[in-house]
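Close look at the chain arrangement
Chain by chain, the residues:
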Amino acid sequence: MNKNKIIAIAIVIAVVSMISLILAYYNSESSLSQKPDNINEFSYSDSGKIKQALGAKNIMMSSPTKITDYTKQQYCMYFEQDLKKIMDYCITTALADVNGVAIGNINMGGSEKKPEMALAIIEIPKTNTRHDNAYAVFETMIESLVCNCWESVHPGGFESVQQWLNITEQKYQDSSRSTIKSMISGLAEKDLILEITDSEHSYLWTLIVIQ
């Protein structure tokens, strides 16, 4: 699957997500007595940090490409309270495994000076029962852009990022929906949205980080 097709499908995911099942909602005011010390705002330059971390996990990430035309809505868009938000400035990168096989993308968008959101979408073939690539990319994104504090905070009652993904996947398998969504709000003052959706020959896993 090429990059444009992967990201175009992400738009379908976002639309369907409006009627999808919300599995978990975490509110920092009610569930977090102390804020993590390492709260920070992520920037476009953090793509280099993500690239280095993924390289150590045998996932290759391309250099960022700026999107300047109308296709920004295919690369850098999310829904907030059922309203479509398209970023003014958008960059995209391609991801590949150690064999050079394309597995998805990481995009960041917002204003030219500061990103508002980051999105990763990973394609998992239905013949593949392992989700190592999604785990590696999503954990890296959270640690790089949100905080390295999950195991001390346990947002939503999940002991780890991997447990969050596993439980969401199990709920998805137990449901009859084509798309399922789990949201964690307030972790290091950021919102995280995890989505799993059924494609023709694969499952598409998406993580959106909003600051």
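Structural data are supplied above this passage.
Residues numbered from 1 in each chain as written. Predicted model: local features only at pLDDT ≥ 70, side-chain atom pairs only at ≥ 80, totals over all residues. Heavy atoms only, no water.

**A word on the overall build of the chain**
Of regular secondary structure, the chain possesses 7 helices and 11 strands. Residues classed as buried in the chain amount to 49% of the 211 residues present. Residue pairs in contact within the chain that sit at least 24 positions apart in sequence constitute 62% of those at least 6 positions apart. When the accessible surface of the chain is summed, it comes to about 10,500 Å², and 46% of that surface belongs to carbon and sulfur atoms. (Helix = DSSP H or I, 4+ residues; strand = E, 2+ residues; numbered from the N terminus. Buried < 20%, exposed > 50% of the residue type's maximum accessible area, 1.4 Å probe, protein only. Contact = heavy atoms within 4.5 Å. Areas by Shrake-Rupley, 256 points an atom, 1.4 Å probe, with all protein chains shown as cover.)

**Concerning helix α7 (residues 161-174)**
Along an α-helix, residues three or four positions apart point the same way, because every turn accommodates 3.6 residues. Taking 1.5 Å per residue, 14 residues should reach 20 Å; α7 reaches 20 Å between its end C-alpha atoms and fits that length. Taken together, the buried positions of α7 are occupied by V161, W164, L165, T168, E169 and Y172. The arc enclosing the buried residues of α7, seen along the axis, measures out at 125°, which places them on a common side. Of the exposed residues in α7, the ones pointing more than 90 degrees away from its buried face are Q173 and D174. Contacts made by the buried residues of α7 are with α5 (132-145), α6 (150-153), β9 (179-187), β10 (190-198) and β11 (202-210). (Expected span 1.5 Å × (residues − 1). Arc of directions from axis to C-beta.)

**Examining the packing of aromatic side chains**
By the definition in use, this model includes 4 aromatic pairs. Here the aromatic rings of Y44 and Y89 are separated by 5.0 Å at their centres, their planes lie at 65°, and the arrangement is edge-to-face. Of this pair, Y44 sits in the loop between α2 (28-31) and α3 (46-55) while Y89 sits in strand β6 (residues 89-96), and the two are 45 residues apart along the sequence. For Y44, a relative accessible area of 12% puts it in the buried group. Here Y89 falls in the buried class, since its relative accessible area comes to 18%. Over the face of the ring belonging to Y203 we find K126, whose NZ or CZ atom lies 5.4 Å from the ring centre. (Phe/Tyr/Trp six-rings, centres within 6.5 Å; stacked < 30°, edge-to-face > 60°. Lys NZ or Arg CZ within 6 Å of the ring centre and 35° of its normal.)

**Observations concerning the pattern of salt bridges**
Overall, the coordinates contain 6 salt bridges when judged by the stated rule. The residue D46 makes a salt bridge to K49 at a minimum N-O spacing of 3.5 Å. Residue D46 and its partner K49 are both found in helix α3; the two are separated by 3 residues, about one turn of the helix. A residue is classified by how much of its surface remains accessible, and D46, at 12% relative accessible area, is buried. For K49, a relative accessible area of 38% corresponds to the partly exposed category. Its salt-bridge partner being K126, residue D198 comes within 2.7 Å of it at the nearest N-O pair. One end of the pair, D198, is in strand β10; the other, K126, is in the loop between β8 (115-125) and α5, and 72 residues separate them in sequence. (Salt bridge = Lys/Arg side-chain N within 4 Å of Asp/Glu carboxyl O.)

**What about α3?**
Turning to α3, its buried residues number three or more, namely D46, S47, I50 and L54. For α3, the angular spread of buried residues about the axis comes to 105°, placing them on one side. Looking at the buried residues of α3, the elements they touch are β2 (60-61), β6, β7 (102-110) and α5.

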